[in-house]
Amino acid sequence: MNLFAEIEADVRAALATLQEQGKLAEGLDTSRLTVEPPRDASHGDMATNAAMVLAKAAGQNKRDLATLLVAELLTSERIEAAEIAGPGFVNLRLDKTLWHGLVPHILATGLNYGDGAGGAKVNVEYVSANPTGPMHVGHARGAVVGDVLARLLEKTGSDVLREYYINDAGSQVDVLAQSALLRMREAQGEAIGDIPEGLYPGDYLVPVGEKLATMELPDAPDAQLQTAKSVALPMMMDMIRDDLAVLGVKHDYFLSEQSLHDDGSVDKSLDELSSKGLIYQGVLEPPKGKEPPPDWEPSPQTLFKSSDFGDDSDRALKKPDGSWTYFAPDIACHFNKVERGYTQMIDVWGADHIGYIKRMQSAVTAITGGKAQLEVKICNLVKLMRGGEPVKMSKRSGSFITLREVVEEVGRDPVRFMMLTRKNDAPLDFDFDVVKEQSRDNPVFYVQYAYARIFSVLRNATEQGVVADDAALAKAPLHTLTHEAELNLIRMLGTYPRMLAAAAQAREPHRVAFYLMELAAAFHALWNLGKEEVNLRFIQEDDAAGTLARLALIRATALTLASGFDVIGVTPQDELR
RNA sequence: GGUCCCGUAGCUCAGUCGGAUAGAGCACCAGAUUCCUAAUCUGGGGGCCGGUGGUUCGAAUCCACCCGGGAUCACCA
């Protein structure tokens, strides 16, 4: 139930009636019509811009049209008052029973409050980190943003597949295999000294080496490398899956790059583009904006005409020596998704891949003839802070901070929540000190506390002999909720479905976290009102009916919080210690 | 040089599809504990929404140009 959608329907119906009566021109474009909460609550419950949006095309005066609309809207039982304000807004005040009706609706739907339906199939690809080591903290943001985006889309009705593209074919995997073979010699008792430059130094390869040491290896170096790969890759992916599980992130589908080479998908993609005349042999310009590398020399290679689709230049599919570039299997990967029925694809990438967006979108548009589209969400850098200082990390030395370390130190839920406290494309400071604090400064705690506080009230009520189970709350006499602060909280609950729909459409999971903070603030404010005005406390000893109504309200608040927590993958706590 | 992102209060940031007097937290100042967890709340000061034009009934939001910050730019991952 989305009250805003319902009232918008009423407004549209009123406009239609005006048209039937010949008071309003037909065939108007109503796409810009909105019904939204006014910035200032004193303006009413909702406001519509209908008159302003339609007046010009209808050839009517804004205020005249607004007057007609007001008269028509007032015939509805649901609308208590309607008046013209400002430049031509129509401010609406809803019958209070409409707001009150929201509470039992939320009590009945629970975690499903705000669910949408009928969305499309969407493929969300995220993380897709190289299978060469554990997840580090930089991966955490993309993991959370992708996971919450997937949850948000599911919540609003889409059929979502969470995909992980395994880059198991590039030279980084050869390096992995070489590193593992070195660890194998170590496991066999050889003194290997420092790990040479260019190999992966991390301890996490020790178990891989130990496993290799127990095996019979072929003699040929190439064959040894293949064996090392086949052992190391699954172990790396298991480690990555475990790391992601620690964060509560799971994928439905893992697509191997190597498999795209093996089954001819890469060739097939190239053929597809070739048949559209978008492949040619050519020479690329030297890299701009910096000194060309000393070994730069122009040489012909296989190129894709991505500049036909808005990219800055054409892009290489094959290196001059004829081997594939990274771009080619990436195209195959997305073509593969399309062939599996996904015409809506969303990729979540790190900020270092910004320059890659256009060519990938160009390729998707080209290979599908525009039938499928790829959206790319960029996750900017995370800066770890401790004691007011940035935490140093060096991937080269292998001493980077792992995702697991961070989660083990501060907990899964705080990590998830903090990753959503900024727009995904803005840099984010992750401050260990703040995340572990129990105060207003810590948004995770603040929101959790609101939830726990509600349960504390409900426990207290029960102790005082109030029967506040679901059946009792469902029958609460909500008309006793008349105070502005109480109605404000209900209105806030009412915007939840609207917020979800907007966040999903904009692909902006952070809005859910911000909403939860606002809702928590509205609740804390009401709670504290009870200090100054004793008759606003939730539990009133001499007013059983009023108490029940307020408990119903805060129970609905808790359920809405829980629903939002569910979307961002955080577990609500009944009690904080 | 190209491309993308960013520029909003002293600091960190929200700002919904273009809506009314631009918001929150921190910091600062002044308050609220016999009472559902003061782990919280209330009030106050603080703004050229980077700049200039444009579109519009209306612009922090859209467009153009400029200024400042960041990322990225053969191949490589």
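Described in the following lines is the structure provided in the data block. Along each chain, residues carry numbers from 1 onward, in the same order as the chain's sequence is written. Lettering of chains starts at A and numbering of ligands starts at 1, both following the order in which they are written. For a predicted model such as this one, the threshold for reporting local features is a pLDDT of at least 70, and the threshold for listing and counting side-chain atom pairs is 80 or more; totals across whole chains, interfaces and linings nevertheless cover every residue. Only hydrogens and water are set aside; all other atoms, that is, all heavy atoms of the structure, feed into the side-chain values.

1. Looking at the side chain of H136
Its place among the elements puts H136 in the loop between β5 (121-125) and α5 (137-155). Throughout, exposure labels follow a simple rule: accessible area from a 1.4 Å probe, protein chains only, divided by the maximum for the residue type, with under 20% read as buried, over 50% as exposed, and the rest as partly exposed. Among the residues examined, H136 registers a relative accessible area of 17% and is labelled buried. A distance of 3.1 Å separates a polar side-chain atom of H136 from the backbone nitrogen of G138. Counting from the N terminus, the helices are the DSSP runs of H or I reaching at least four residues and the strands are the DSSP runs of E reaching at least two. For this analysis, a polar contact is any N or O atom pair within 3.5 Å, provided that within protein one partner can donate a hydrogen and the other can accept it, and provided that sequence-adjacent residues contribute only side-chain to side-chain pairs.

2. A short note on the environment of L428
Turning to its location among the elements, L428 is positioned in strand β15 (residues 428-431). Measuring from C-alpha to C-alpha, the distance between L428 and E36 comes to 30 Å, with 392 residues separating the pair along the chain. In this description, contact between two residues means that some pair of their heavy atoms is separated by no more than 4.5 Å. Those residues within four positions of L428 in sequence are excluded, and the remaining contacts are R141, L381, V382, K383, M418, M419, T421 and R422.

3. Focus on the environment of A461
Its location among the elements puts A461 in helix α16 (residues 443-463). With a relative accessible area of 0%, A461 lands in the buried category. Note: C-alpha distance between A461 and A506 (45 residues apart in sequence) is 41 Å. Beyond its immediate chain neighbours, meaning those up to four positions away, A461 contacts V466, I539 and L551.

4. Brief notes about the sheet that holds strand β3 (residues 79-85)
Strand pairing is defined by DSSP finding a minimum of two bridges between the two strands. Spatial ordering of the open sheet is given by β1-β2-β4-β3, a layout of four strands whose pairing is antiparallel. Strands with a single pairing partner mark the edges of an open sheet, and in this sheet they are β1 (35-36) and β3. Bridging between β3 and strand β4 (residues 89-94) involves six bridges; their strand directions are antiparallel. Directly across from E83, in β4, lies its bridge partner N91. Helix axes are fitted only over the stretch in contact, all axes being lines through C-alpha atoms; the angle between N-to-C directions runs from 0 to 180 degrees. Contacts between helix α3 (residues 62-73) and the sheet are confined to β2 (46-48), β3 and β4, with β3 contributing the most and set at about 175 degrees to the helix.

5. Topic: the protein's contact with RNA strand B
It suffices for a single heavy atom of a residue to lie within 4 Å of a molecule or strand for the residue to be listed as near it. Neighbouring RNA strand B are 65 residues, the closest being F89, S171, Y449, S456 and R537. Of what RNA strand B places within 4 Å of the protein, 61% of the atoms are sugar or phosphate. Within the backbone of A351, one N or O atom sits 3.4 Å away from a sugar or linking oxygen of RNA strand B. Within the backbone of K423, a nitrogen or oxygen atom sits 3.1 Å from a phosphate oxygen of RNA strand B. Sorting the residues of the surface near RNA strand B by element identifies α2 (50-58), β4, α6 (171-187), α16 and α20 (510-532) as the ones contributing at least two each. With eight residues, α20 is the single largest residue contributor to the surface near RNA strand B. Residue type decides the class: Asp, Glu, Lys and Arg count as charged, Ala, Val, Leu, Ile, Met, Phe, Trp, Tyr, Cys and Pro as nonpolar, and the leftover types, Gly among them, as polar. Taken together, the residues of the surface near RNA strand B break down into 27 nonpolar, 19 polar and 19 charged.

6. So, helix α1 (residues 3-20)
Multiplying 1.5 Å by the residue count of a helix minus one yields the expected span of that helix. For α1, with 18 residues, the first-to-last C-alpha span of 26 Å sits near the 26 Å given by 1.5 Å per residue. Three or more residues of α1 are buried, namely L3, F4, I7, D10, V11, A14, L15, L18 and Q19. The N-capping residue of α1, defined by a side-chain oxygen 3.0 Å from the backbone nitrogen of F4, is N2.

7. Re the pattern of salt bridges
Oppositely charged side chains can pair when the atoms bearing their charge come close. By definition, a salt bridge exists where a carboxyl oxygen of Asp or Glu is found within 4 Å of a side-chain nitrogen of Lys or Arg. Under the definition given, this model contains 29 salt bridges. We note a salt bridge from D252 to R162, for which the minimum N-O separation is 3.9 Å. Separated by 90 residues along the polypeptide, D252 in the loop between α8 (221-246) and β7 (253-256) and R162 in strand β6 (residues 159-166) bring together distant segments of the chain.

8. Section: the packing of aromatic side chains
Only Phe, Tyr and Trp rings are paired, with Trp represented by its six-membered ring, and only when their centres lie within 6.5 Å; those with planes under 30 degrees apart are stacked, over 60 edge-to-face, the remainder tilted. In this structure the tally under the stated criterion is twelve aromatic pairs. A centroid spacing of 6.0 Å and a plane angle of 80 degrees characterise the contact between F327 and Y356, whose relative ring orientation is edge-to-face. With F327 in helix α11 (residues 327-339) and Y356 in the loop between β11 (344-350) and α12 (357-367), this pair connects stretches of sequence that are 29 residues apart. Overall, the relative accessible area of 3% leaves F327 in the buried class. Feature note: the residues F304, F309, F327, W349 and Y356 constitute an aromatic cluster, connected by ring pairs. The lysine or arginine in question, R241, covers the ring of F254, its NZ or CZ lying 4.6 Å from the ring centre. Only Lys NZ and Arg CZ are tested; either one counts as a charge over a ring when it is within 6 Å of the ring centre and within 35 degrees of the ring normal.

By themselves, these observations are geometric and do not establish any function.
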